[in-house]
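# Summary of the model geometry
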Amino acid sequence: LKLSWVQQGGRGAPFGGVQLLAMATISAAPSYLPLALIDKCIGSKIWVIMKGDKEIVGTLRGFDDYVNMVIDDVREYTFTAQGKKVTHLESILLNGANI
């Protein structure tokens, strides 16, 4: 993060006619829209936190505009008062409304 300060004078400016403006430039990783970011993850191992007490880890095969996801080589983690339960599945279709 790089901050630059610019002085501007003029009528109505605080501090005796001098106004300081902060201009920030972030030169980090490029930003993506959410669906574009998910698209870049196809074929990669992902970790999905579901509503409730479940987490899914597997390889993303595809998704749609509603973020319904098809994931292969799945490990489903369920967390309960008794502990963590792990279920292995070949493939799963996740409803995007539950992510």
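Counting starts from 1 at the beginning of each chain's written sequence and moves along it residue by residue. Reporting of local features is limited, given that this is a predicted model, to residues whose pLDDT is at least 70; pairs of side-chain atoms are given and counted only at 80 or more, and all residues count toward the totals for whole chains, interfaces and linings. Working from all heavy atoms in the structure, the side-chain values ignore hydrogens and water.

For two strands to count as paired, DSSP must find a minimum of two bridges between them. Per the convention used, a helix needs a DSSP run of H or I reaching at least four residues, while a strand needs a run of E reaching at least two, with both numbered from the N terminus. The strand order 3-4-5-6 describes an open sheet built from four strands, whose pairing is antiparallel. Either end of the sheet is taken by a strand with one partner, and the two such strands are strand 3 (45-49) and strand 6 (83-94). Geometrically, the sheet is characterised by an average inter-axis angle of 25° between neighbouring strands, direction not taken into account. In the sheet, strand 3 pairs with strand 4 (residues 54-63) via five bridges, with the strands oriented antiparallel. Looking at strand 4, one finds that Trp47 is bridged to Val57. Here, axes are lines fitted to C-alpha atoms. For helices the fit covers the stretch in contact, and angles between N-to-C directions go from 0 to 180 degrees.

Moving on: the side chain of Glu55. Of note, Glu55 is situated in strand 4. A distance of 2.9 Å separates polar atoms of two side chains, one belonging to Glu55 and the other to Trp47. For Glu55, the contacting residues outside a window of four places in its chain are Trp47, Val48, Ile49, Arg75, Glu76, Tyr77 and Phe79. In protein, a polar contact means a hydrogen-donor-capable atom and an acceptor-capable atom, both N or O and within 3.5 Å, with residues adjacent in sequence counting only if both atoms are side-chain atoms; elsewhere, any N or O pair within 3.5 Å suffices. By the convention used here, residues are in contact when the closest approach between their heavy atoms is within 4.5 Å.

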